[in-house]
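Inside the fold
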Amino acid sequence: MKMKRELWLTIGMVIVNILFISFFTVLAVESPPQLIPLEELPEETPEIIALREKLEAYIDDYTSDMIEMSEHLYHNPEPGYYEYESSKYVAAELEKYGFEVEFGVEGLDEEYNTVIEKLHNARNLPVAFTAKYKGKSEYPVIAFTTEMDALRGNPPFHGCAHNQQPPVALGAAIALTKIMDENNIPGSIWVIHLPAEEIPPPDPTAMFNAGYFDEVDFVLQTHGGVNSGVFNRPLAGTGAAQLINANIYEFRGKTAHSAGDPWNGRDAGDAVRAMWMMIDMIREHSRPEFRFHGAIVETAVAPNSINDRVVFDHWVRANPGLSKEDLNQKVEQINTIAKAAAMGTFTDVEISHYADYGSGVTTAWANALGWYYTKMYSDEGMTSDEPGRQASGWDVGQWACWSIPGIGSERGDWTIAMADVPPTAGHSQEKADLTITPLGHRSLPLMAKRQAAVALRLVTQPELLVKINEELAQWREYGLEKGYVTEDVFRLKNK
Ligand SMILES: [Zn+2]
(Lines give C-alpha, C1' and ligand atoms only; values in the text may rest on other atoms or scores of the structure.)
Protein backbone atom coordinates (compact mmCIF):
# COMPACT_ATOMS: atom_id res chain seq x y z
CA MET A 1 0.00 0.00 0.00
CA LYS A 2 2.79 2.38 1.01
CA MET A 3 4.78 1.47 -2.08
CA LYS A 4 1.83 2.24 -4.27
CA ARG A 5 1.37 5.68 -2.76
CA GLU A 6 5.02 6.57 -3.33
CA LEU A 7 4.75 5.39 -6.91
CA TRP A 8 1.76 7.64 -7.51
CA LEU A 9 3.59 10.52 -5.89
CA THR A 10 6.57 10.01 -8.19
CA ILE A 11 4.36 9.83 -11.27
CA GLY A 12 2.59 12.99 -10.13
CA MET A 13 5.90 14.83 -9.72
CA VAL A 14 7.06 13.78 -13.18
CA ILE A 15 3.84 15.09 -14.74
CA VAL A 16 4.14 18.40 -12.87
CA ASN A 17 7.76 18.69 -14.02
CA ILE A 18 6.89 18.04 -17.66
CA LEU A 19 4.12 20.65 -17.54
CA PHE A 20 6.46 23.13 -15.86
CA ILE A 21 9.27 22.64 -18.40
CA SER A 22 6.98 22.81 -21.43
CA PHE A 23 5.37 25.96 -20.06
CA PHE A 24 8.76 27.73 -19.97
CA THR A 25 9.84 26.31 -23.32
CA VAL A 26 6.78 27.91 -24.87
CA LEU A 27 7.55 31.21 -23.17
CA ALA A 28 11.26 31.39 -24.17
CA VAL A 29 11.69 33.01 -27.58
CA GLU A 30 13.52 30.66 -29.87
CA SER A 31 15.96 31.66 -32.57
CA PRO A 32 14.38 31.48 -36.05
CA PRO A 33 16.24 29.06 -38.36
CA GLN A 34 19.56 30.39 -39.63
CA LEU A 35 19.22 28.65 -42.99
CA ILE A 36 16.31 28.06 -45.36
CA PRO A 37 16.78 25.17 -47.79
CA LEU A 38 17.02 26.63 -51.29
CA GLU A 39 14.20 24.29 -52.43
CA GLU A 40 11.82 26.25 -50.20
CA LEU A 41 12.28 29.40 -52.28
CA PRO A 42 9.45 29.98 -54.74
CA GLU A 43 10.31 28.75 -58.20
CA GLU A 44 12.23 30.97 -60.58
CA THR A 45 9.59 30.70 -63.28
CA PRO A 46 10.39 30.61 -67.01
CA GLU A 47 9.04 34.21 -67.26
CA ILE A 48 11.40 35.39 -64.53
CA ILE A 49 14.30 33.51 -66.11
CA ALA A 50 13.60 35.26 -69.42
CA LEU A 51 13.60 38.64 -67.64
CA ARG A 52 16.80 37.79 -65.83
CA GLU A 53 18.50 36.90 -69.10
CA LYS A 54 17.53 40.30 -70.47
CA LEU A 55 18.93 41.91 -67.33
CA GLU A 56 22.19 40.07 -67.92
CA ALA A 57 22.33 41.37 -71.47
CA TYR A 58 21.78 44.97 -70.33
CA ILE A 59 24.51 44.58 -67.72
CA ASP A 60 26.88 43.13 -70.31
CA ASP A 61 26.20 46.19 -72.50
CA TYR A 62 27.04 48.45 -69.56
CA THR A 63 30.18 46.63 -68.45
CA SER A 64 32.67 48.93 -70.17
CA ASP A 65 31.04 51.89 -68.35
CA MET A 66 31.33 49.99 -65.06
CA ILE A 67 35.03 49.38 -65.64
CA GLU A 68 35.57 53.02 -66.52
CA MET A 69 33.82 54.16 -63.34
CA SER A 70 35.77 51.74 -61.12
CA GLU A 71 39.07 52.90 -62.66
CA HIS A 72 38.11 56.56 -62.41
CA LEU A 73 37.36 56.23 -58.69
CA TYR A 74 40.53 54.16 -58.17
CA HIS A 75 42.63 56.95 -59.69
CA ASN A 76 40.76 59.76 -57.90
CA PRO A 77 40.41 58.52 -54.31
CA GLU A 78 38.67 60.74 -51.75
CA PRO A 79 38.44 59.87 -48.04
CA GLY A 80 35.13 59.62 -46.17
CA TYR A 81 33.09 62.86 -45.79
CA TYR A 82 35.20 64.37 -48.58
CA GLU A 83 33.76 62.34 -51.50
CA TYR A 84 32.76 65.61 -53.20
CA GLU A 85 33.96 64.86 -56.73
CA SER A 86 33.26 61.13 -56.60
CA SER A 87 29.65 61.59 -55.52
CA LYS A 88 29.02 64.27 -58.17
CA TYR A 89 30.54 62.03 -60.82
CA VAL A 90 28.40 59.02 -59.86
CA ALA A 91 25.21 61.09 -59.46
CA ALA A 92 25.70 62.65 -62.91
CA GLU A 93 25.82 59.18 -64.44
CA LEU A 94 22.53 58.25 -62.73
CA GLU A 95 20.88 61.44 -63.99
CA LYS A 96 21.79 60.42 -67.53
CA TYR A 97 19.56 57.38 -67.03
CA GLY A 98 16.56 59.28 -65.68
CA PHE A 99 17.19 59.06 -61.95
CA GLU A 100 16.26 62.10 -59.85
CA VAL A 101 19.12 63.00 -57.54
CA GLU A 102 19.00 64.85 -54.24
CA PHE A 103 22.07 65.59 -52.12
CA GLY A 104 22.22 66.05 -48.34
CA VAL A 105 20.19 64.69 -45.44
CA GLU A 106 17.59 66.64 -43.47
CA GLY A 107 16.53 65.93 -39.91
CA LEU A 108 19.76 64.43 -38.59
CA ASP A 109 20.13 64.20 -34.86
CA GLU A 110 21.69 67.43 -33.59
CA GLU A 111 24.30 65.69 -31.46
CA TYR A 112 25.45 63.65 -34.46
CA ASN A 113 25.40 66.72 -36.72
CA THR A 114 27.58 68.62 -34.26
CA VAL A 115 30.13 65.79 -34.17
CA ILE A 116 30.49 65.49 -37.96
CA GLU A 117 30.54 69.25 -38.35
CA LYS A 118 33.34 69.59 -35.83
CA LEU A 119 35.37 66.68 -37.23
CA HIS A 120 34.73 67.02 -40.97
CA ASN A 121 32.67 70.12 -41.68
CA ALA A 122 29.97 67.70 -42.83
CA ARG A 123 26.76 69.06 -41.28
CA ASN A 124 23.73 67.50 -43.06
CA LEU A 125 26.04 65.13 -44.96
CA PRO A 126 26.41 67.18 -48.16
CA VAL A 127 27.96 64.28 -50.14
CA ALA A 128 25.18 61.79 -49.34
CA PHE A 129 22.61 61.42 -52.09
CA THR A 130 19.61 59.43 -53.18
CA ALA A 131 18.87 58.86 -56.85
CA LYS A 132 15.27 57.78 -57.40
CA TYR A 133 13.72 56.08 -60.37
CA LYS A 134 9.99 55.84 -59.98
CA GLY A 135 8.50 53.10 -62.06
CA LYS A 136 4.88 52.11 -62.72
CA SER A 137 4.13 52.40 -59.03
CA GLU A 138 6.08 53.76 -56.12
CA TYR A 139 6.34 50.56 -54.08
CA PRO A 140 8.13 48.36 -53.40
CA VAL A 141 11.25 50.50 -53.13
CA ILE A 142 14.43 48.53 -53.73
CA ALA A 143 17.52 50.51 -52.79
CA PHE A 144 21.05 49.78 -53.94
CA THR A 145 23.53 51.43 -51.63
CA THR A 146 27.01 52.58 -52.55
CA GLU A 147 30.00 53.70 -50.61
CA MET A 148 32.87 55.44 -52.38
CA ASP A 149 35.18 56.60 -49.60
CA ALA A 150 38.88 55.77 -49.90
CA LEU A 151 41.03 54.76 -46.94
CA ARG A 152 42.83 57.55 -45.10
CA GLY A 153 46.32 56.56 -46.21
CA ASN A 154 49.14 58.88 -47.22
CA PRO A 155 47.89 59.44 -49.88
CA PRO A 156 44.31 58.07 -49.64
CA PHE A 157 43.72 54.88 -51.65
CA HIS A 158 40.98 52.33 -52.35
CA GLY A 159 42.31 49.52 -50.16
CA CYS A 160 38.75 48.43 -49.30
CA ALA A 161 37.75 48.36 -52.99
CA HIS A 162 34.92 50.85 -52.55
CA ASN A 163 35.71 51.99 -56.10
CA GLN A 164 33.81 48.86 -57.17
CA GLN A 165 30.64 49.66 -55.25
CA PRO A 166 29.13 52.45 -57.39
CA PRO A 167 29.66 50.67 -60.73
CA VAL A 168 28.05 47.48 -59.39
CA ALA A 169 25.07 49.37 -57.93
CA LEU A 170 24.60 51.38 -61.12
CA GLY A 171 24.98 48.37 -63.38
CA ALA A 172 22.24 46.55 -61.49
CA ALA A 173 19.95 49.56 -60.95
CA ILE A 174 20.01 50.88 -64.52
CA ALA A 175 19.38 47.44 -66.04
CA LEU A 176 16.47 46.87 -63.65
CA THR A 177 14.73 50.15 -64.49
CA LYS A 178 14.78 49.16 -68.16
CA ILE A 179 13.33 45.71 -67.48
CA MET A 180 10.68 47.07 -65.12
CA ASP A 181 9.65 49.78 -67.62
CA GLU A 182 9.45 47.40 -70.55
CA ASN A 183 7.40 44.86 -68.63
CA ASN A 184 5.18 47.08 -66.47
CA ILE A 185 6.64 45.69 -63.26
CA PRO A 186 5.62 47.79 -60.24
CA GLY A 187 8.19 49.34 -57.95
CA SER A 188 10.89 51.99 -57.64
CA ILE A 189 14.63 51.66 -57.85
CA TRP A 190 16.80 53.91 -55.69
CA VAL A 191 20.55 54.29 -55.46
CA ILE A 192 21.69 55.69 -52.11
CA HIS A 193 25.19 56.97 -51.45
CA LEU A 194 26.28 56.31 -47.86
CA PRO A 195 29.30 58.49 -47.03
CA ALA A 196 32.33 57.63 -44.93
CA GLU A 197 31.94 53.92 -44.28
CA GLU A 198 35.46 53.66 -42.97
CA ILE A 199 35.26 56.05 -40.06
CA PRO A 200 32.78 56.61 -37.24
CA PRO A 201 30.18 57.66 -36.49
CA PRO A 202 28.14 55.27 -38.68
CA ASP A 203 26.31 57.49 -41.16
CA PRO A 204 23.69 54.99 -42.39
CA THR A 205 22.46 54.64 -38.80
CA ALA A 206 22.18 58.41 -38.45
CA MET A 207 20.42 58.67 -41.82
CA PHE A 208 18.05 55.87 -40.82
CA ASN A 209 17.26 57.63 -37.54
CA ALA A 210 16.45 60.77 -39.53
CA GLY A 211 13.84 58.80 -41.51
CA TYR A 212 15.94 58.59 -44.67
CA PHE A 213 15.04 54.90 -45.21
CA ASP A 214 11.39 55.06 -44.15
CA GLU A 215 10.14 54.40 -47.68
CA VAL A 216 12.67 51.69 -48.48
CA ASP A 217 11.50 48.07 -48.56
CA PHE A 218 14.77 46.29 -49.18
CA VAL A 219 18.44 47.24 -49.31
CA LEU A 220 21.00 45.60 -51.57
CA GLN A 221 24.67 46.23 -51.14
CA THR A 222 27.88 44.66 -52.21
CA HIS A 223 31.06 45.73 -50.57
CA GLY A 224 33.30 45.38 -53.60
CA GLY A 225 36.57 43.59 -53.58
CA VAL A 226 37.67 40.35 -55.09
CA ASN A 227 38.39 37.76 -52.40
CA SER A 228 40.38 34.59 -52.71
CA GLY A 229 39.24 31.12 -51.72
CA VAL A 230 35.99 29.20 -51.50
CA PHE A 231 32.95 31.11 -50.25
CA ASN A 232 30.75 29.28 -47.72
CA ARG A 233 27.04 29.83 -47.40
CA PRO A 234 26.37 32.69 -44.96
CA LEU A 235 24.11 32.11 -41.97
CA ALA A 236 21.31 34.41 -40.89
CA GLY A 237 20.93 35.78 -37.41
CA THR A 238 22.28 38.28 -34.98
CA GLY A 239 25.18 38.65 -32.61
CA ALA A 240 27.83 38.16 -35.27
CA ALA A 241 28.83 41.75 -35.78
CA GLN A 242 31.74 43.51 -34.22
CA LEU A 243 30.64 45.94 -31.56
CA ILE A 244 32.62 49.16 -31.60
CA ASN A 245 32.76 52.02 -29.12
CA ALA A 246 34.71 55.09 -30.34
CA ASN A 247 35.97 58.00 -28.24
CA ILE A 248 38.05 61.13 -28.70
CA TYR A 249 40.57 61.95 -25.95
CA GLU A 250 41.63 65.57 -26.12
CA PHE A 251 44.66 66.20 -23.91
CA ARG A 252 45.60 69.76 -23.00
CA GLY A 253 48.96 70.67 -21.55
CA LYS A 254 50.81 73.96 -21.29
CA THR A 255 53.25 75.19 -23.87
CA ALA A 256 56.68 76.62 -23.11
CA HIS A 257 60.03 76.77 -24.90
CA SER A 258 61.32 73.20 -25.12
CA ALA A 259 64.90 74.25 -24.47
CA GLY A 260 64.62 77.41 -22.39
CA ASP A 261 61.60 76.74 -20.15
CA PRO A 262 60.53 73.08 -20.36
CA TRP A 263 59.91 73.01 -16.58
CA ASN A 264 57.19 75.56 -17.08
CA GLY A 265 55.40 73.37 -19.64
CA ARG A 266 53.13 70.31 -19.43
CA ASP A 267 53.30 67.98 -22.42
CA ALA A 268 50.00 66.71 -23.89
CA GLY A 269 52.12 64.40 -26.09
CA ASP A 270 53.47 62.72 -22.94
CA ALA A 271 49.89 62.12 -21.85
CA VAL A 272 49.02 60.30 -25.09
CA ARG A 273 52.21 58.26 -24.89
CA ALA A 274 51.38 57.26 -21.32
CA MET A 275 47.82 56.38 -22.30
CA TRP A 276 48.92 54.28 -25.26
CA MET A 277 51.48 52.44 -23.15
CA MET A 278 48.85 51.59 -20.54
CA ILE A 279 46.47 50.39 -23.27
CA ASP A 280 49.19 47.95 -24.34
CA MET A 281 49.42 46.78 -20.74
CA ILE A 282 45.69 46.21 -20.37
CA ARG A 283 45.70 44.32 -23.69
CA GLU A 284 47.31 41.33 -21.94
CA HIS A 285 44.48 41.31 -19.42
CA SER A 286 41.71 41.52 -21.99
CA ARG A 287 39.96 38.66 -23.73
CA PRO A 288 41.52 37.93 -27.12
CA GLU A 289 38.32 38.97 -28.95
CA PHE A 290 39.02 42.61 -28.06
CA ARG A 291 40.78 44.90 -30.53
CA PHE A 292 42.23 48.31 -29.64
CA HIS A 293 42.75 50.87 -32.40
CA GLY A 294 44.25 54.29 -31.84
CA ALA A 295 45.41 57.18 -33.99
CA ILE A 296 46.73 60.62 -33.07
CA VAL A 297 44.51 62.78 -35.25
CA GLU A 298 45.73 66.21 -34.18
CA THR A 299 49.04 67.15 -32.70
CA ALA A 300 51.32 70.09 -32.04
CA VAL A 301 53.89 70.55 -34.79
CA ALA A 302 56.95 72.33 -33.43
CA PRO A 303 59.64 70.42 -31.51
CA ASN A 304 60.85 73.65 -29.92
CA SER A 305 57.51 74.21 -28.14
CA ILE A 306 55.99 71.87 -25.57
CA ASN A 307 52.86 70.18 -27.06
CA ASP A 308 49.89 71.96 -25.57
CA ARG A 309 47.16 69.96 -27.32
CA VAL A 310 47.10 66.44 -28.73
CA VAL A 311 43.94 64.64 -29.85
CA PHE A 312 43.79 60.86 -29.69
CA ASP A 313 41.01 58.93 -31.44
CA HIS A 314 40.59 55.50 -29.89
CA TRP A 315 38.17 52.63 -30.56
CA VAL A 316 37.57 49.45 -28.64
CA ARG A 317 36.18 46.68 -30.79
CA ALA A 318 34.54 43.55 -29.39
CA ASN A 319 34.50 40.69 -31.87
CA PRO A 320 31.73 38.04 -31.84
CA GLY A 321 31.60 36.20 -28.54
CA LEU A 322 31.69 39.33 -26.40
CA SER A 323 28.66 41.25 -25.21
CA LYS A 324 27.81 44.93 -25.16
CA GLU A 325 28.36 44.82 -21.42
CA ASP A 326 31.88 43.38 -21.88
CA LEU A 327 32.59 46.23 -24.30
CA ASN A 328 31.26 48.92 -21.96
CA GLN A 329 33.38 47.60 -19.10
CA LYS A 330 36.48 47.67 -21.30
CA VAL A 331 35.78 51.24 -22.42
CA GLU A 332 35.38 52.20 -18.75
CA GLN A 333 38.91 50.84 -18.17
CA ILE A 334 40.30 52.79 -21.14
CA ASN A 335 38.66 55.98 -19.87
CA THR A 336 40.23 55.40 -16.45
CA ILE A 337 43.58 54.94 -18.18
CA ALA A 338 43.11 58.27 -19.99
CA LYS A 339 42.42 60.05 -16.71
CA ALA A 340 45.41 58.35 -15.11
CA ALA A 341 47.62 59.42 -18.02
CA ALA A 342 46.45 63.01 -17.59
CA MET A 343 46.96 62.88 -13.86
CA GLY A 344 50.49 61.50 -14.19
CA THR A 345 51.54 64.13 -16.71
CA PHE A 346 49.75 67.05 -14.99
CA THR A 347 47.62 67.66 -18.07
CA ASP A 348 43.85 67.66 -18.60
CA VAL A 349 41.78 65.30 -20.68
CA GLU A 350 38.33 65.71 -22.16
CA ILE A 351 36.65 62.49 -23.26
CA SER A 352 33.97 62.64 -25.98
CA HIS A 353 32.12 59.50 -26.88
CA TYR A 354 31.11 59.72 -30.52
CA ALA A 355 30.05 56.36 -31.96
CA ASP A 356 28.47 53.01 -31.17
CA TYR A 357 28.25 50.10 -33.57
CA GLY A 358 25.76 47.38 -32.75
CA SER A 359 24.94 43.80 -33.49
CA GLY A 360 23.06 43.58 -36.76
CA VAL A 361 20.73 40.98 -38.16
CA THR A 362 20.07 39.22 -41.45
CA THR A 363 17.22 36.95 -42.47
CA ALA A 364 17.48 33.38 -43.73
CA TRP A 365 14.92 34.07 -46.46
CA ALA A 366 16.83 36.99 -47.95
CA ASN A 367 20.11 35.12 -47.54
CA ALA A 368 18.67 32.09 -49.36
CA LEU A 369 17.81 34.33 -52.29
CA GLY A 370 21.25 35.90 -52.19
CA TRP A 371 22.93 32.51 -52.01
CA TYR A 372 20.92 31.14 -54.94
CA TYR A 373 22.36 33.82 -57.21
CA THR A 374 25.80 33.95 -55.61
CA LYS A 375 26.18 30.31 -56.60
CA MET A 376 24.85 31.05 -60.07
CA TYR A 377 27.34 33.84 -60.82
CA SER A 378 30.40 32.58 -58.94
CA ASP A 379 33.05 30.54 -60.69
CA GLU A 380 32.68 26.77 -60.81
CA GLY A 381 33.66 25.09 -57.55
CA MET A 382 34.23 28.36 -55.67
CA THR A 383 31.13 28.19 -53.45
CA SER A 384 30.29 25.62 -50.79
CA ASP A 385 26.89 24.92 -49.19
CA GLU A 386 28.71 24.16 -45.94
CA PRO A 387 27.50 26.91 -43.57
CA GLY A 388 30.08 29.63 -43.04
CA ARG A 389 29.93 32.58 -40.71
CA GLN A 390 26.92 34.72 -39.96
CA ALA A 391 26.39 37.50 -42.46
CA SER A 392 26.40 40.97 -41.01
CA GLY A 393 23.73 43.51 -41.88
CA TRP A 394 23.78 46.21 -44.55
CA ASP A 395 24.20 49.19 -42.18
CA VAL A 396 27.81 49.60 -41.05
CA GLY A 397 26.50 50.71 -37.64
CA GLN A 398 24.19 47.67 -37.82
CA TRP A 399 21.21 49.28 -36.11
CA ALA A 400 19.12 50.01 -39.20
CA CYS A 401 18.97 46.41 -40.45
CA TRP A 402 16.67 45.50 -37.55
CA SER A 403 13.94 47.51 -39.27
CA ILE A 404 14.78 47.50 -43.00
CA PRO A 405 15.68 44.10 -44.45
CA GLY A 406 18.49 43.68 -46.90
CA ILE A 407 21.42 41.64 -48.06
CA GLY A 408 24.93 42.66 -48.78
CA SER A 409 27.11 43.54 -46.01
CA GLU A 410 29.81 45.54 -44.48
CA ARG A 411 32.13 42.57 -44.13
CA GLY A 412 31.99 41.57 -47.77
CA ASP A 413 29.93 38.46 -46.99
CA TRP A 414 28.28 38.66 -50.39
CA THR A 415 31.28 39.02 -52.68
CA ILE A 416 31.20 36.83 -55.79
CA ALA A 417 33.65 33.93 -55.43
CA MET A 418 36.11 33.75 -58.31
CA ALA A 419 38.82 31.28 -59.19
CA ASP A 420 42.56 32.03 -59.13
CA VAL A 421 42.35 35.14 -56.98
CA PRO A 422 45.66 35.80 -55.21
CA PRO A 423 45.19 36.34 -51.46
CA THR A 424 45.45 39.97 -50.36
CA ALA A 425 45.18 41.56 -46.93
CA GLY A 426 42.16 43.68 -46.17
CA HIS A 427 42.80 47.43 -46.48
CA SER A 428 45.99 46.87 -48.49
CA GLN A 429 47.40 48.44 -51.63
CA GLU A 430 47.36 44.97 -53.20
CA LYS A 431 43.60 44.73 -52.63
CA ALA A 432 43.12 48.11 -54.30
CA ASP A 433 45.33 47.15 -57.23
CA LEU A 434 43.41 43.92 -57.82
CA THR A 435 40.33 45.95 -58.76
CA ILE A 436 42.01 47.31 -61.88
CA THR A 437 43.21 43.93 -63.19
CA PRO A 438 41.22 41.79 -65.67
CA LEU A 439 40.05 39.79 -62.63
CA GLY A 440 38.71 42.95 -60.98
CA HIS A 441 37.03 44.00 -64.23
CA ARG A 442 35.39 40.59 -64.66
CA SER A 443 33.98 40.72 -61.11
CA LEU A 444 31.93 43.88 -61.78
CA PRO A 445 29.23 42.47 -64.10
CA LEU A 446 29.06 39.26 -62.04
CA MET A 447 28.32 41.21 -58.86
CA ALA A 448 25.85 43.47 -60.68
CA LYS A 449 24.01 40.46 -62.13
CA ARG A 450 23.71 38.82 -58.72
CA GLN A 451 22.34 42.05 -57.19
CA ALA A 452 19.92 42.67 -60.05
CA ALA A 453 18.66 39.08 -60.05
CA VAL A 454 17.84 39.28 -56.32
CA ALA A 455 15.99 42.56 -56.84
CA LEU A 456 14.09 41.13 -59.81
CA ARG A 457 12.74 38.32 -57.62
CA LEU A 458 11.56 40.81 -54.98
CA VAL A 459 9.60 42.91 -57.47
CA THR A 460 8.14 39.95 -59.36
CA GLN A 461 7.44 37.70 -56.34
CA PRO A 462 6.21 40.07 -53.62
CA GLU A 463 5.40 37.10 -51.36
CA LEU A 464 9.16 36.89 -50.78
CA LEU A 465 9.22 40.35 -49.23
CA VAL A 466 6.33 39.34 -46.97
CA LYS A 467 8.25 36.24 -45.80
CA ILE A 468 11.40 38.27 -45.21
CA ASN A 469 9.54 40.85 -43.13
CA GLU A 470 7.77 38.18 -41.10
CA GLU A 471 11.10 36.59 -40.33
CA LEU A 472 12.68 39.95 -39.46
CA ALA A 473 9.88 40.49 -36.91
CA GLN A 474 10.80 37.14 -35.32
CA TRP A 475 14.45 38.17 -35.14
CA ARG A 476 13.44 41.44 -33.47
CA GLU A 477 11.59 39.49 -30.81
CA TYR A 478 14.58 37.18 -30.37
CA GLY A 479 17.07 40.07 -30.33
CA LEU A 480 15.07 41.87 -27.64
CA GLU A 481 14.83 38.73 -25.54
CA LYS A 482 18.56 38.02 -25.81
CA GLY A 483 19.61 41.63 -25.29
CA TYR A 484 21.21 42.16 -28.73
CA VAL A 485 19.00 45.16 -29.36
CA THR A 486 16.63 47.48 -27.55
CA GLU A 487 13.21 48.63 -28.68
CA ASP A 488 14.26 52.27 -29.16
CA VAL A 489 16.48 51.20 -32.08
CA PHE A 490 13.49 50.14 -34.18
CA ARG A 491 11.83 52.42 -36.68
CA LEU A 492 8.95 50.48 -38.17
CA LYS A 493 7.00 52.14 -40.91
CA ASN A 494 3.41 51.36 -41.73
CA LYS A 495 2.79 51.89 -45.39
ZN1 LIG B 1 35.02 48.95 -46.61
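What comes next concerns the included structure. Residues take numbers from 1 onward in each chain, read along the sequence in its written order. Only residues with pLDDT of 70 or above have their local features reported here, since the model is predicted, and side-chain atom pairs are shown and tallied only from 80 upward, although totals for entire chains, interfaces and linings are computed over all residues. For side-chain calculations, the full set of non-hydrogen atoms in the structure is used, while hydrogens and water are omitted.

Core analysis: the biggest nonpolar cluster contains 81 residues, and F99, I142, F144, L176, I189, F218 and L458 have the highest contact counts within it. Put simply, DSSP H or I for four residues or longer makes a helix, DSSP E for two residues or longer makes a strand, and each gets a number counted from the N terminus. Broken down by element, this core gets its largest block of residues, 12 residues, from helix α11 (residues 438–460). Definition of nonpolar core: a set of buried residues of the types Ala, Val, Leu, Ile, Met, Phe, Trp, Tyr and Cys, connected through side-chain atoms within 4.5 Å. Exposure is judged per residue with a 1.4 Å probe applied to protein chains only, and the accessible area is read against the type maximum: over 50% gives exposed, under 20% gives buried, and values in between give partly exposed. Judged by nonpolar contacts, the second largest core, of 26 residues, contains V105, V141, F208 and C401.

What follows covers the environment of L41. Tracing the sequence through the fold places L41 in the loop between α1 (2–27) and α2 (46–75). With 286 residues separating them along the chain, L41 and L327 place their C-alpha atoms 38 Å apart. Any two residues whose heavy atoms approach within 4.5 Å are treated as being in contact. Setting aside chain neighbours within four positions, we find L41 in contact with W365, A368, L369, Y372 and L464.

Once that is clear, we can look at the sheet that holds strand β4 (residues 188–193). Paired strands, as defined in this entry, are two strands with at least two bridges between them according to DSSP. Spatially, six strands are ordered β1-β2-β4-β3-β5-β14 in an open sheet, and the strand pairing comes out mixed. Taken across any chain shown, the strands that pair with only one partner, and hence form the sheet edges, are β1 (100–103) and β14 (406–407). As paired elements, strand β3 (residues 141–146) and strand β5 (residues 218–220) share three bridges and run parallel to each other. Bridging from a neighbouring strand, F144 pairs with L220 of β5. In the packing of α11 onto the sheet, the strands contacted are β3, β5 and β14, and the crossing angle to β3 comes to about 160°. Axis geometry follows a simple rule: fit a line to the C-alpha atoms, using only the stretch in contact for helices, then measure angles between N-to-C directions, giving values from 0 to 180 degrees.

With that settled, consider the coordination of the zinc ion. For Na, K and Ca the donor cut-off is 3.2 Å, while for other metals it is 2.8 Å, and in both cases only N, O and S atoms qualify; water is not among them, so sites may look incomplete. The coordination sphere of the zinc ion, as far as protein atoms go, consists of C160 (SG), H162 (NE2), E197 (OE), E198 (OE) and H223 (NE2), spread over 2.1 to 2.5 Å. Counting residues between consecutive donors of the zinc ion along the chain gives the motif C-x1-H-x34-E-E-x24-H. Of this pair, C160 sits in the loop between β3 and α5 (165–182) while H223 sits in the loop between β5 and β6 (231–235), and the two are 63 residues apart along the sequence. Taking relative accessible area as the criterion, C160 reaches 15% and is therefore assigned buried.

This part is about the pattern of salt bridges. Working definition: two side chains of opposite charge can pair if their charged atoms are close together. Should a side-chain nitrogen of Lys or Arg be within 4 Å of a carboxyl oxygen of Asp or Glu, the pair is scored as a salt bridge. Scanning the model with the defined rule gives 17 salt bridges in all. Among the salt bridges present, the one from R123 reaches E117, with a minimum N-O distance of 2.9 Å. Of the charged contacts, one joins R283 and D280 as a salt bridge, the two residues approaching to 2.8 Å between their closest N and O atoms. Residue R283 and its partner D280 are located together in helix α7 (residues 268–284), separated by three residues, close to a single helical turn. The partly exposed category is assigned to R283, whose relative accessible area is 37%. Each of the salt bridges in this network shares a partner with another, and the network as a whole consists of E250, R252, E298 and R309.

Bringing the sheet that holds strand β8 (residues 243–252) into the picture now. In spatial order, the strands read β9-β10-β8-β11; together these four strands make up an open sheet with antiparallel pairing. Because the sheet does not close on itself, it has two edges, and the strands there are β9 (290–298) and β11 (348–357). Across the sheet, the axes of successive neighbouring strands diverge by a mean angle of 20°, strand direction being ignored. Sheet topology note: the β8/strand β10 (residues 309–318) ladder contains 10 bridges and is antiparallel. Across the sheet, the residue bridging to E250 is V311, located in β10.

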